[in-house]
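Observations on the three-dimensional arrangement
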Amino acid sequence: PACAVPGGRVVDETGAGDSFRAAFAVALVEGRPPAECLRFASAAGAVAVSRMGAVPSLPTRAELEQVACSEASAVQDADVAQCPASGCPAASSGASTFPIKFASRLNSMSARPELWNGGQDVFGWIARQGTIKGLDLVDFNYPQHFGKGADRADIRRAVEAVGLRVGAIGMRYPDEFRLGALTNPDDTVWERAVQLTIDGGNVAKQLGAHELVVWSAYDGYDYAAQVDYWAGWNKTVVAFQRICDAHPDLKVSLEHKPTDENTRFYFVNSAGTAKLLVTEVGRPNMGITLDVGHCLVAGENP
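Residues numbered from 1 in each chain as written. Predicted model: local features only at pLDDT ≥ 70, side-chain atom pairs only at ≥ 80, totals over all residues. Heavy atoms only, no water.

**Looking at the packing of aromatic side chains**
Using the criterion set out here, one finds six aromatic pairs in the structure. On the numbers, 6.0 Å between centres and 80 degrees between planes, the contact of Y173 with F177 is edge-to-face. Residue class for Y173 comes out buried when judged on its relative accessible area of 6%. With a centroid separation of 5.7 Å and an interplanar angle of 35 degrees, the aromatic rings of Y221 and F265 are classed as tilted. (Phe/Tyr/Trp six-rings, centres within 6.5 Å; stacked < 30°, edge-to-face > 60°. Buried < 20%, exposed > 50% of the residue type's maximum accessible area, 1.4 Å probe, protein only.)

This is the structure:
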């Protein structure tokens, strides 16, 4: 639905998309029907463009309730909820085919343990995630969440038992790759990193996931001229080509960032560089995962 801009004039578009998405998510987890979620989100965008700035333009709930939205252009719930035949998987409850799915990485369930009476292990965190209304998917870190006693078949059954599905596997390289994972100058170590990533893809398929997200804490550098840039770049390209070829039925993506927790500069530090990487990898199942926080730190608009 179209919503009137308070004051009748667009002042600044900064933050409009963020407001729209945030309001839509809030309405969705509150259980509102899709058309109402869109109305609530449209109202948020209308308020955001009515004043200057990013954070200062973010609306309050009270403001959203006062925005007038046209009902004539409202989309019926049934139309919004339809999914193309080749596209969206059914929701975990089987009651809805709404195309947007919400996921949380399993490690987020380890936070604030005093608020959870269950186990503090992989299976306890899965159970905790199953209690959160609005979540559809669980994303796991590999190999972090697959240590001793974490049988993959048991993990999949545990996820399905709480009404969720596995959305993606995110790569988290261990400390042996501190000098680089997919950019490591040692060919033997680099080979191990590539194979570990391919193994992560195997785990994704075993759990019924359709995406492998590569996030490395170690593929960067601290000082100019510290590393051979071309060698690191070319190794990254070849690594992703091998990973994509090993799993043509998986979406493989890079979560780029300007920096990380271990180095000051990351090899693939912007959306433009990530797009160049995807082009040079040249595989149809290669893509980019956008992290809003990383984009903002890089000075980019998600």
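**Looking at the sheet that holds strand β6 (residues 251-255)**
The strands that make up a sheet pair up through hydrogen bonds in the backbone, lying either parallel or antiparallel. Spatially, six strands are ordered β1-β2-β3-β4-β6-β8 in an open sheet, and the strand pairing comes out parallel. Sheet topology places β1 (103-105) and β8 (286-289) at the edges, where each strand pairs with a single neighbour. Within this sheet the neighbouring strands show an average axis-to-axis angle of 30 degrees, counted without direction. By the bridge criterion, three bridges tie strand β3 (residues 165-171) to strand β4 (residues 211-214) in an arrangement that is parallel. Bridge pairing in β4 places M171 opposite V214. Seen against the sheet, helix α8 (residues 229-246) touches β4, β6 and β8 and runs at an angle of roughly 150 degrees to β6. (Pairing = 2+ DSSP bridges. Helix = DSSP H or I, 4+ residues; strand = E, 2+ residues; numbered from the N terminus. Axes fitted to C-alpha atoms, helices over the stretch in contact; angles between N-to-C directions. Contact = heavy atoms within 4.5 Å.)

**With respect to the pattern of salt bridges**
The full count for this structure, using the stated rule, is 16 salt bridges. The closest approach of N and O atoms between E30 and R32, which form a salt bridge, is 3.3 Å. Overall, the relative accessible area of 36% leaves E30 in the partly exposed class. Between E160 and R156 there is a salt bridge; the shortest N-O distance is 3.1 Å. With E160 and R156 both in helix α6 (residues 152-161) and four residues apart, the pair spans about one turn of that helix. Judged by relative accessible area, which is 32%, R156 ranks as partly exposed. It is possible to trace a salt-bridge network through shared partners that takes in E30, R32, E36, R39, R61 and E65. (Salt bridge = Lys/Arg side-chain N within 4 Å of Asp/Glu carboxyl O.)

**Some words on helix α1 (residues 16-29)**
Between its first and last C-alpha atoms α1 spans 20 Å; for 14 residues at 1.5 Å apiece the expected length is 20 Å, and the two agree. Within the sequence span of α1, burial applies to A16, S19, A23, F24 and A27. Taken around the axis of α1, the buried residues stretch over an arc of 125 degrees, which confines them to a single face. The inward-facing, buried residues of α1 abut α2 (34-48) and α3 (61-66). Of the residues one or two after α1, G31 is the one with positive phi, at around 90 degrees. (Expected span 1.5 Å × (residues − 1). Arc of directions from axis to C-beta.)

**Examining empty space enclosed by the protein**
Counted by the stated rule, this structure contains one cavity of 30 Å³ or more. Of the volumes computed, that of the largest cavity is approximately 40 Å³. If you go around the largest cavity, the residues you meet are L182, T183, D219, T236, F240, L254, Y266, F267 and V268. Taken together, the residues of the lining of the largest cavity sort by class into six nonpolar, two polar and one charged. (1 Å grid on protein atoms, 1.4 Å probe; cavity = no way out; pocket = protein on both sides within 12 Å on 5 of 7 lines; lining within 4 Å. Points joined across faces, edges and corners; volume = space filled by probe spheres on them. Nonpolar A, V, L, I, M, F, W, Y, C, P; charged D, E, K, R; others polar.)

**Some remarks on the confidence of the model for the protein**
Taken as a whole, the protein shows an average pLDDT of 86; of its residues, 89% reach a score of 70 or greater. Below pLDDT 50 for its whole length, residues 71-95 participates in 32 contacts with residues either more than four positions away or in separate chains. (pLDDT = per-residue confidence, 0-100.)

**Quick notes on the layout of surface pockets**
If you add up the space inside the largest pocket, you get close to 1,300 Å³. Along its surface, the largest pocket is lined by 35 residues, and K101, F102, A103, D139 and E211 are the ones closest to its centre. Taken together, the elements giving at least two residues each to the lining of the largest pocket come down to α1, β1, β2 (137-142), β3, β4 and β6. With six residues, β3 is the largest single contributor of residues to the lining of the largest pocket. Residues belonging to the lining of the largest pocket are distributed by class as follows: 18 nonpolar, six polar and eleven charged.

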